[in-house]
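Descriptive analysis of the structure
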Amino acid sequence: MIPFQRPHVGDLVRLLTDDRVPPRIVAITGPRQSGKTTIVRQALRRVRAAGVPGERIAVDDPEGTAGLSGPRAGKAVVPDPRLRTVDWLIRVWKWGRERAWEHPRGFVLALDEIQVIPAWSRAVKGLWDRDRDTGCPLKVVILGSAPWALLTGRGESLAGRFTPFDVRHWSLAEMVDGFDFTLDEYIYFGGYPGAAPLIQDMKAWRRYVAYSIVAPVFGRDILALTRVDKPSLMRQLVDLVPDYSGQIVRYDHLAGRLRGTGHTTTVAHYLDLLSDAGIVAQLPKYSGSAVRRTGSSPKLNVLNTGLMTALSGYSFEEALADRTFWGRLVESAVGAHLHNTLEVSMRLSYWRDDPHEVDFVLSQGPRVLGIEVKSGRRVRSVRGLAAFAKRFPRARTLLVIGTGDVGRSAIGDQTVVSINEFLAAPASHWLERAP
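About the criteria used
- Residues numbered from 1 in each chain as written.
- Predicted model: local features only at pLDDT ≥ 70, side-chain atom pairs only at ≥ 80, totals over all residues.
- Heavy atoms only, no water.
- Helix = DSSP H or I, 4+ residues; strand = E, 2+ residues; numbered from the N terminus.
- Buried < 20%, exposed > 50% of the residue type's maximum accessible area, 1.4 Å probe, protein only.
- Contact = heavy atoms within 4.5 Å.
- Areas by Shrake-Rupley, 256 points an atom, 1.4 Å probe, with all protein chains shown as cover.
- Core = buried A, V, L, I, M, F, W, Y, C linked by side-chain atoms within 4.5 Å.
- Pairing = 2+ DSSP bridges.
- Axes fitted to C-alpha atoms, helices over the stretch in contact; angles between N-to-C directions.
- 1 Å grid on protein atoms, 1.4 Å probe; cavity = no way out; pocket = protein on both sides within 12 Å on 5 of 7 lines; lining within 4 Å.
- Points joined across faces, edges and corners; volume = space filled by probe spheres on them.
- Nonpolar A, V, L, I, M, F, W, Y, C, P; charged D, E, K, R; others polar.
- Phe/Tyr/Trp six-rings, centres within 6.5 Å; stacked < 30°, edge-to-face > 60°.
- Lys NZ or Arg CZ within 6 Å of the ring centre and 35° of its normal.
- Salt bridge = Lys/Arg side-chain N within 4 Å of Asp/Glu carboxyl O.

1. Side note on the overall build of the protein
Broken down by element type, the protein carries 19 helices and 13 strands. Taken across its 435 residues, the protein has 52% of its residues classed as buried. The long-range fraction of contacts in the protein, counting pairs at least 24 apart against all pairs at least 6 apart in sequence, stands at 66%. Counting every atom, the protein has about 19,800 Å² of accessible surface; 50% of that belongs to carbon and sulfur.

2. Quick look at the nonpolar core
One finds M234, L254, L274, L338 and F422 to be the most contacted residues of the largest nonpolar core, which totals 77 residues. For this core, the element with the most residues is helix 9 (residues 202-222), which contributes eight residues. Sequence-distant contacts of M234, defined by excluding residues within four places in its chain, comprise F218, I222, V228, Y270, L273 and L274. Residues A123, L127, I142 and F162 belong to the second largest nonpolar core, which totals 25 residues.

3. Things to note about the sheet that holds strand 5 (residues 162-166)
The five strands are arranged 2-3-4-1-5 in an open sheet whose pairing can be described as parallel. In this open sheet, the two edge strands, each paired with only one partner strand, are strand 2 (54-58) and strand 5. When the angles between neighbouring strand axes are averaged without regard to direction, this sheet yields 20 degrees. Pairing of strand 2 with strand 3 (residues 107-112) involves five bridges; the strand directions are parallel. The residue of strand 3 that forms the bridge with G54 is V108. The strands touched by helix 4 (residues 86-102) within the sheet are strand 1 (25-29), strand 2, strand 3 and strand 4 (138-144), with strand 3 carrying the most contacts at an inclination of about 160 degrees. Relative to strand 4, helix 5 (residues 120-134) is tilted by about 165 degrees, and along the sheet it contacts strand 1, strand 4 and strand 5.

4. Re the layout of surface pockets
Each pocket or cavity is described by its volume, and for the second largest pocket that value is around 470 Å³. Secondary-structure elements contributing two or more residues to the lining of the second largest pocket are helix 2 (36-49), strand 2 and helix 7 (172-179). Per-element tally for the lining of the second largest pocket: the top contributor is helix 2, with five residues. Its residues assigned to classes, the lining of the second largest pocket shows nine nonpolar, 10 polar and seven charged.

5. Concerning the packing of aromatic side chains
Applying the stated criterion across every chain yields a total of 16 aromatic pairs. With 4.6 Å between their ring centres and 80 degrees between their planes, Y188 and F189 make a pair best called edge-to-face. Among the residues examined, Y188 registers a relative accessible area of 0% and is labelled buried. Assessed through its relative accessible area of 5%, F189 is described here as buried. Measuring from centroid to centroid gives 5.5 Å for W351 and F388, while their planes differ by 65 degrees, and the two rings are edge-to-face. Of the two residues, W351 is situated in strand 8 (residues 347-353) and F388 in helix 17 (residues 383-391); the sequence distance between them amounts to 37 residues. Residue classification places W351 among the buried positions, given a relative accessible area of 5%. Cluster of aromatic residues (ring-pair linked, three or more members): F181, Y188, F189, W205 and F316. Across the ring face of W128, the terminal group of R132 is positioned such that the distance to the ring centre comes to 3.9 Å.

6. Here's the deal with the pattern of salt bridges
Enumeration according to the criterion identifies 15 salt bridges in this entry. Between D252 and R250 there is a salt bridge; the shortest N-O distance is 3.1 Å. The closest approach of N and O atoms between K374 and E372, which form a salt bridge, is 3.6 Å. In this structure E372 comes out as buried when scored by relative accessible area, which is 10%. Counted as one network, the salt bridges with shared partners bring together K299, E331 and D359.

7. Quick word on empty space enclosed by the protein
In this approach, a probe sized like a water molecule rolls over the atoms, and the result shows the empty space that is left. Scanning all chains against the criterion turns up three cavities of 30 Å³ or more. Looking at the largest cavity, its volume works out to about 70 Å³. Every residue lining the largest cavity is listed: H169, W170, Y186, G190, G191, L303, N304, T305, A333, A336, H337 and N340. Of the residues forming the lining of the largest cavity, the biggest block, four residues, is contributed by helix 16 (residues 323-340).

8. Comments concerning the pairing of strand 6 (residues 280-283)
Residues V280 and Q282 point to one face of strand 6 and A281 and L283 to the other, with burial holding for every one of them. As judged from the four bridges shared by strand 6 and strand 7 (residues 299-302), these two strands associate in the antiparallel manner. Its bridge partner lying in strand 7, Q282 is registered against L300.

9. Concerning unusual backbone geometry
The linkage connecting D354 with the following residue, P355, adopts the cis geometry, with an omega of 5 degrees. Summarising the element assignment, P355 is placed in the loop between strand 8 and strand 9 (356-364). Of note in the backbone geometry, A119 takes a positive phi value of approximately 55 degrees without being a glycine. Summarising the element assignment, A119 is placed in the loop between strand 3 and helix 5. The exposure class of A119 is exposed, given its relative accessible area of 56%.

10. Structural notes on helix 1 (residues 7-17)
All of the buried residues in helix 1 are H8, V9, G10, L12, V13, L16 and T17. Looking at the buried side of helix 1, the elements it contacts are strand 1, helix 2, strand 3, strand 4 and strand 5.

Structure, rendered in structure tokens:
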């Protein structure tokens, strides 16, 4: 049986084997447990089959260079990951250069968890620039779970040297194809491939999410790479944020929920870090004006619903039975899907003009789409969408029903799609094709 492969694998293979692609370092970043390492492993198998040799080295693995061969391999092996310094990086890079010069199609060197090496970005910049001067056919891939701004450092210019390769959380279609998930299982367990085999054992699944995803984001991706003056407050915020998914929040309210002294600017900064790390999105209020859009209270939306359920204490059956909680999950799943499939020029917001509210506003240039999510079969009111359409006459609207067996239909003037259909297509599809 052929293992499931995300579309990213083919994209990466093309970057590494197409000689017409300008030489740049491929920088693969994205949230933890989104499958970045698996993508590289699968791509390297296909790259080798195409006649280009390559190796992946896990920087944080004590035996990460033990399998390498060549004149410099013995010098490159360092048993303790804490000793993976810039000097170690230079030795491994030189080993890769030698392999590249030996082969007519060069060599691919993939460095996983690059952020483990202090001051790595400055060294990579110099090494890569020298390779361009000499024409060395070494192709480099770097992987990191931390946000790009933290990985590279605020003061280091790497423009023009990197091709960003963004890996996001798994979609419904991918979890169905890869793990035979149902719609309800996806809404509850989210898109974590590493945790998927554990869903029949709730204790094991919760432990995996807590200790293999949440804890490393806090300890390895944020605390280790940026200054956090109040780590205890940050840790509390990590646990608190999933409770507020789908809600418009004020920073002073969140600060009041934290034990200890927390200033609103501190909470706002920490939320920015969690957003960068792929935990939560902060959706601004849509007003039709980019200037006015930035001053509102954000609406929080987790980017993987597994974070909500793992920390909630609800079992799968209990979540289904609690229509209020399930409604929050359905809405969060829609918001996560929209955010995870956004293109660079798209914006995701919410709209509110008391007493009316629209869950999501998707926009790109002059195109605007208001989206309302209802978790049940019966829809009593679509007044929020009607008010939004009246306020923004050029906008289109769409109603998403949170049950999987509702076909495309209409309620009043609103077009209705089931959540199953909605989650099957990216944000661009609905923005371009919604009636």
